[in-house]
Amino acid sequence: MGVLEGKFEENVFITSVDWLFNWARSNSPWPLSFGLACCAIEMMATGAARYDLARFGAEVFRGTPRQADVMIVAGTVTMKMATRIKRLYAQMPEPKYVISMGSCSNNGGPYWQYGYHVLKGVDEVIPVDVYVPGCPPRPESLLEGLIQLQKKIRQETIAKPKGSKGAA
Amino acid sequence: MKPDEIAALLGAQFGAKILESKPSPLSPWSVVDPAEILPVCRFLRDDERLRMDHLECLAGVDYKDRIEVVYVLYSMTHRHRYALKCLLPRESARLNSVESIWGAANWHEREAYDLLGIVFEGHSDLRRILLPDDWEGHPLRRDYKFPTSYRDMPV
Amino acid sequence: MEAEYTGDVMTLNMGPQHPSTHGVLRLELKTDGEVVAEAIPHIGYLHRCFEKHAENIEYPGVVPFTDRMDYCAAMNMELGYVLAVEKLMGIEVNNRVRCIRIIMAELNRIASHLIAAGTYGNDMGSFTPFLWCFRDRETILDIFEETCGARLLYNYNWIGGLMCDVLPGFEKRVIDFIDYFEPQVDNLNKLLSDNYIFIKRTANVGIMPPELAINYGVTGPNLRGSGIKFDVRKDEPYLGYEEYDFDVAIGRGEHGPIGSCWDRYMVRIREVKESCKIVRQAVAKMTPGDVQESIPKRIKPAAGEVYHRTECPRGELGYYIVSDGSLKPYRVKVKSPCFTVMGAFRKISRGAMIADIIAILGSVDVVLGEIDR
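Residues numbered from 1 in each chain as written. Chains lettered and ligands numbered in written order. Predicted model: local features only at pLDDT ≥ 70, side-chain atom pairs only at ≥ 80, totals over all residues. Heavy atoms only, no water.

Here we come to the interface of chain A and chain B. In this assembly, 12 residues from chain A lie in contact with 14 residues from chain B. Contact with chain B buries area across many residues of chain A, yet Met79, Lys80 and Tyr116 of chain A alone supply 57% of it, more than any other trio. Where chain A meets chain B, there are zero salt bridges. Between chain A and chain B we count zero residue pairs in polar contact (both at pLDDT 80 or more) in total. Residue composition of the side of chain A that touches chain B, by class: six nonpolar, three polar and three charged. (Contact = heavy atoms within 4.5 Å. Buried area = accessible area lost by both parts, 1.4 Å probe. Salt bridge = Lys/Arg side-chain N within 4 Å of Asp/Glu carboxyl O. Polar contact = N/O pair within 3.5 Å; in protein donor to acceptor, adjacent residues only side chain to side chain. Nonpolar A, V, L, I, M, F, W, Y, C, P; charged D, E, K, R; others polar.)

As structure tokens, then:
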């Protein structure tokens, strides 16, 4: 809803509209299927029957970034892949979020010391909203990460940021 | 065939081109003159008693004074294994490609080129395989200096 | 299959991010309409510098890095490395360690083949086998988690022994699982393997002739799918496999020519049944003992080199280890079965349609972590 953002001061109508948009966005974060390495297997296990990811709204893993809300970077990011990640992130439409799953995408993981080809953390190239630690994180950890992301989304607002003057 | 029989056969066929042999049961190998690697490999693959039709592993090892290329060969018909080694100088590591003998060598040689800088002459498509095409240096060399950044990303 | 290519050839990128590339593989497809003239694989998107780490870290510390190469079958990757170092040092482990190692390796083989079957069904358009396979795999992961604390990457096989002993009741849990699981394989066959659509999509596609397979160094289920009866566990047994009674599954070409995608897939399903047999025998052979009695105080092999291979679910995994007599390996070279089979991918995918490329890729069951190391 880019046309509405930043136009209004905080008021009671905005809070209701905020609540509606945030409810819609947080309850259906469609992930981009972006499994890189071992964490991808745990992500698939989270989407399978025992740790069902669909009950949190992340039912469909989209194949294309243009239809996805959240990019779960699951696995080690290498230099060769980092250029592609920048492009994929740019292709995602707003509002977009990034969950960094696993210690490799948090900060390089076990490859921090001698990994000449490993990017030490995906936040070197794209902004990250939630970090999920683990190697690999248990499916419950990923679900917790998704719930934290949902909490973060629910705090968003389309009102003008406090202290700013004029239109956005 | 036992390793010492294979070593004896190779020695009988190629004489002085086999520089050294160590047919130990744990890990038998022979050092071959690098210029003669193609005829030796072809003999190993085509001879009836040897039939080494499976290239198991092609490894490059960087020692302080030389680079070794190790070919671990196995025979599916006779179920025996033998290794060949070629010793190359570190500054100019060049060797003939055995891609025409075993198709598996195509990708293995590309990897040895990528990580160690060994150039295989006669290879159909010698370019980097694991690292990006504009990467500088060959990482598995002992004197490799880790780069500080690649395309503005810190390493 | 050579086809006539008329018209312009278009280059299409089945890029590193794609729902069905089983990891970060880039396939450069040169297509003439819907028929693919060349499918050139580009790898390296997951190159995590394993061999450089292995040169700088002490022998026991390399084991967790071997886990992460083929993450679907971590026990087998560790086993290959640990057996190579034990061969170099001349360490013999006791019967209990051997039996537990075999049980863990075979259970992990079942888990890995379940992932292969589930994701292959997913690629072909059916979601239910994916859920069934992952559900059964969860029980195996529960057994692993009870024993060593981790679901996917274990660090359980140590040089000279194991990280810790199994809990009481382990044998019963394993046998209960095998009893429950063997009929599930028949259910999976009814759902997927004997499914008319699945057979139509896979049985005449991606034919790998046996001579090509041997020349390109293909091993494992991909080689056995072409009808060649070769399994490292039978030909060069390790860990006491010569005392176990099991068959080697090969592709027989029931639907279409031998060496098709369906054959390779079916070899994996048959291997799962053979693994169940092996696990039963291993549980029966288990004896009490100390799993850490053969672990040396310092892992410092004498100078030398060794090449050792094991049968991991994707093929023949080889470790070439050079030791200079110090605490850290001088060189560890991994011969990865998936790397070798991707070298042959270009040959077997010529002339296929774009949708068939996905069928071929699923049937060779690659894991990019092992290819790129």
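The end-to-end C-alpha separation of helix H3 (residues 79–91) of chain A is 19 Å, in line with the 18 Å expected for 13 residues at 1.5 Å each. All buried positions along H3 of chain A are accounted for by Met79, Lys80, Met81, Ala82, Ile85, Leu88 and Tyr89 of chain A. (Helix = DSSP H or I, 4+ residues; strand = E, 2+ residues; numbered from the N terminus. Expected span 1.5 Å × (residues − 1). Buried < 20%, exposed > 50% of the residue type's maximum accessible area, 1.4 Å probe, protein only.)

Residues and elements named next belong to chain C. Across the sheet, which stays open at both edges, the three strands sit in the order E6-E7-E8 with antiparallel pairing between neighbours. Looking at strand neighbours, the two that pair on one side only are strand E6 (304–312) and strand E8 (331–335), the edges of this open sheet. Sheet twist, expressed as the average angle between the axes of neighbouring strands with direction ignored, equals 15 degrees. The sheet contact formed by E6 and strand E7 (residues 315–323) spans nine bridges and is antiparallel. Its bridge partner being in E7, His308 is matched across the sheet by Tyr319. (Pairing = 2+ DSSP bridges. Axes fitted to C-alpha atoms, helices over the stretch in contact; angles between N-to-C directions.)

Take the sheet that holds strand E1 (residues 10–14) of chain C next. Sheet strands line up and pair through hydrogen bonds in the backbone, either parallel or antiparallel. Residues and elements named next belong to chain C. Strands sit in the order E1-E2-E3 across an open sheet of three strands; the sheet is antiparallel. Two strands lie at the open edges of the sheet, namely E1 and strand E3 (35–42), each paired on one side alone. The mean angle between the axes of side-by-side strands here comes to 25 degrees, regardless of whether they run parallel or antiparallel. Across five bridges, E1 lies against strand E2 (residues 26–32) in antiparallel orientation. Its bridge partner lying in E2, Met14 is registered against Leu27. The strands touched by helix H14 (residues 354–364) are E1, E2 and E3; relative to E2, the strand with the most contacts, the crossing angle is about 145 degrees.

This part is about the packing of aromatic side chains. Throughout the structure, instances matching the rule amount to 22 aromatic pairs over all chains. Aromatic pair Tyr116 of chain A and Phe146 of chain B: ring centres 6.0 Å apart, planes at 65 degrees, arrangement edge-to-face. Separated into two different chains, Tyr116 of chain A in the loop between helix H4 (103–107) and strand E4 (130–132) and Phe146 of chain B in the loop between strand E7 (119–121) and strand E8 (149–150) make up a pair that spans both. The interplanar angle of 65 degrees and the centroid separation of 6.1 Å between the aromatic rings of Tyr241 of chain C and Phe246 of chain C together place this pair among those described as edge-to-face. Of the two residues examined, Tyr241 of chain C and Phe246 of chain C, each falls in the buried class. Cluster of aromatic residues (ring-pair linked, three or more members): Tyr116 of chain A together with Trp135, Tyr144, Phe146 and Tyr150 of chain B. Over the face of the ring belonging to Tyr89 of chain A we find Lys96 of chain A, whose NZ or CZ atom lies 4.2 Å from the ring centre. Directly above the ring of Tyr63 of chain B sits Arg66 of chain B, whose terminal nitrogen or CZ lies 4.1 Å from the centroid. (Phe/Tyr/Trp six-rings, centres within 6.5 Å; stacked < 30°, edge-to-face > 60°. Lys NZ or Arg CZ within 6 Å of the ring centre and 35° of its normal.)

What follows concerns the packing of helix H4 (residues 95–124) of chain C against H14 of chain C. Residues and elements named next belong to chain C. Axis separation between H4 and H14 bottoms out at 9 Å; the angle between their running directions is 175 degrees. As summarised for this structure, H4 and H14 are arranged roughly antiparallel, according to the angle between their axes. Residues Tyr120, Asp123 and Met124 of H4 touch H14, and the partners they reach there are Ile358, Ala359, Gly362 and Ser363. In the contact of H4 with H14, the residues fall into four nonpolar, two polar and one charged. (Parallel < 35°, antiparallel > 145°, perpendicular 65-115°, else oblique.)

What follows is about the pattern of salt bridges. Residue and element names in this part refer to chain C. Throughout the structure, instances matching the rule amount to 58 salt bridges over all chains. In this structure, Arg346 and Glu38 form a salt bridge, with 2.9 Å as the shortest nitrogen-oxygen distance. Here Arg346, found in helix H13 (residues 345–348), pairs with Glu38, found in strand E3; they are 308 residues apart in sequence, far enough to count as distant. Using a relative accessible area of 31% as the deciding quantity, one classes Arg346 as partly exposed. For Glu38, a relative accessible area of 18% translates into the label buried. With a shortest N-O distance of 2.7 Å, Glu182 and Arg280 are connected by a salt bridge. Here the residue Glu182 occupies a position in helix H6 (residues 170–193), and Arg280 occupies one in helix H11 (residues 261–285), the gap between them amounting to 98 residues. A relative accessible area of 29% places Arg280 in the partly exposed class. Sharing partners across several salt bridges, the network here consists of Glu106, Arg109, Arg224, Asp231, Arg233, Glu271 and Glu311.

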